[in-house]
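Chain residues, written in single-letter form:
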Amino acid sequence: MKNKKLLMIPGPTPVVRRIQDQMARETIAFGDPAFVQDYKDLISDLKTLWRASGEVFVVAGTGTMAMEMAVANTTKAGDRVLVVSHGYFGDRFVELCQRKGLQVDVLASEWGTIVPVAEIEKQLSENTYQAVTVSHVDTSTGVSAPVAEIGEMMKQYPDTMYIVDGVCATGAAPEYVDDMNIDLLLTGSQKAFGVAPGIAVVWASEKAVAKRKSLGTIPEYYIDFEKWLPVMHDPAKYFATPAVNMVWAVKEAVEMMKEEGLEKRYARHEKMASAMQQALEGLGFTLLAEKSCRAVTLSNLIYPEGIDDAEFRKVLAEEGMMVAGGLGAYAGKMFRLGHMGNIDTHDMVSVISVIERALHRVGYPVDLGKGVGILTAALLKGDQNG
Ligand SMILES: *Cc1c(COP(=O)(O)O)cnc(C)c1O
């Protein structure tokens, strides 16, 4: 008999039954008062939980669309923007901005490290930028940017929009829109929210909304804040058909976050990441991300000497687990393992155990149970410390 498939790529992440059930509900009219109320409640919760006094947009689309939505609504052709890139998804902003006709300056880190805040500050002091983009977690490298610290520094540049890509962080690592001085925070449903792909969420500060208004008509249509604002204020209004079942699914994910408590959810992700990373290092893998800037949502694991990527991932798949390959220069040298959203201790133990079995099967010397032992000890220790 085949094992169940463990979906451990960094998005989509495992979708639990109660969220699946929302997607399986009979679809109703988007104007049905019951749905209108659900949509309203979701919008209100997203504002409260992320401490955002501005607006939030919940629209059908992916994380990439949310990136484009943030840029499209706050810049115009000819503007100068600074892209802080910690990998593949940071770099995605470069082409996206160039196509919009923006002048793009890039501060890029070596993969596995981050651009120091002082360097960003220096760049901002030397030029005038309409916007700065930062990926909270770059999924290609597994590094996490100090978004709060950057936000604090950005207070000296009130005319520059601070755009944070939270696609691989939102719901797993702290993000408080007002407190962190973020102008645009964006995410997608399929990563730390633990929902299937299909919904983009963008939080916009009052400053960002005012900036959009100051731009007049923008070239983009579907992703225009001005088109969606009336709907977000009153979901009974129509602009483009809301993804009814997906809105319900995201609402259920947010209900789960409320039940767990966001702070506890953030702490859980730290504990899970630390335990997983200790176990994987114990098995011989090296993390690409430096310790000082490691993400809690995924681990990017460089193989020990002698392991063939294609063979290893094929064996993992046979054993019942999907992981992602390395990107860029790390293709073939590394695999990427998501550990975010609604996964539990059972999942983590299984994940480490599958990796041990695969190491054994490809002929790498491994003490079966060693990784599981390290993981379990680290999780129990965390429990005792509260
Ligand atoms: C996954 C990801 C994206 C892209 O999201 P899609 O839903 O695939 O469009 C953007 N940024 C980051 C940091 C991501 O991890």
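Predicted model, so just to flag it, every value in this text is computed and none were measured. (Residues numbered from 1 in each chain as written. Predicted model: local features only at pLDDT ≥ 70, side-chain atom pairs only at ≥ 80, totals over all residues. Heavy atoms only, no water.)

Our next topic: the nonpolar core. Residues Leu46, Trp50 and Phe57 are the most contacted members of the largest nonpolar core, which totals 88 residues. For this core, the element with the most residues is helix 9 (residues 244–260), which contributes 10 residues. Residue contacts for Leu46: discarding those within four places in its chain leaves Val56, Val58, Phe193, Val201, Trp203 and Val254. Formed by 33 residues, the second largest nonpolar core is a distinct cluster that contains Met8, Ala275, Ile307 and Leu379. (Core = buried A, V, L, I, M, F, W, Y, C linked by side-chain atoms within 4.5 Å. Buried < 20%, exposed > 50% of the residue type's maximum accessible area, 1.4 Å probe, protein only. Helix = DSSP H or I, 4+ residues; strand = E, 2+ residues; numbered from the N terminus. Contact = heavy atoms within 4.5 Å.)

Moving on, we come to the sheet that holds strand 4 (residues 103–108). Strand order in the open sheet formed by 7 strands is 2-10-9-8-5-3-4, with mixed pairing between adjacent strands. Strands at the two margins of the open sheet, each flanked by one partner only, are strand 2 (55–60) and strand 4. Going from strand to strand, the sheet's axes swing by 15° on average, the running direction of each strand aside. Pairing of strand 5 (residues 131–135) with strand 8 (residues 161–165), which is carried by 5 bridges, proceeds in the parallel orientation. Pairing of Ser135 across the sheet is with Asp165, part of strand 8. (Pairing = 2+ DSSP bridges. Axes fitted to C-alpha atoms, helices over the stretch in contact; angles between N-to-C directions.)

All right, on to the layout of surface pockets then. Taken as a whole, the largest pocket encloses approximately 380 Å³ of empty space. Contributing to the lining of the largest pocket are 19 residues, with Lys4, Lys5, Leu6, Asp347 and Ser350 lying nearest its centre. Counting only elements with at least two residues in the lining of the largest pocket, the list comes to strand 1 (6–7) and helix 12 (345–361). By residue number, the principal contributor to the lining of the largest pocket is helix 12, which donates 6 residues. Here the residues of the lining of the largest pocket are counted per class, giving 7 nonpolar, 6 polar and 6 charged. (1 Å grid on protein atoms, 1.4 Å probe; cavity = no way out; pocket = protein on both sides within 12 Å on 5 of 7 lines; lining within 4 Å. Points joined across faces, edges and corners; volume = space filled by probe spheres on them. Nonpolar A, V, L, I, M, F, W, Y, C, P; charged D, E, K, R; others polar.)

Next up on the list: the pattern of salt bridges. For the structure on display, the rule yields 26 salt bridges. With a closest N to O distance of 2.8 Å, Lys258 and Asp45 form a salt bridge. Of this pair, Lys258 sits in helix 9 while Asp45 sits in helix 2 (residues 33–49), and the two are 213 residues apart along the sequence. Through salt bridges that share partners, Lys314, Glu318, Glu319, Arg357 and Arg361 make up one connected network. (Salt bridge = Lys/Arg side-chain N within 4 Å of Asp/Glu carboxyl O.)

These results come straight from atomic positions and should not be treated as a statement about function.
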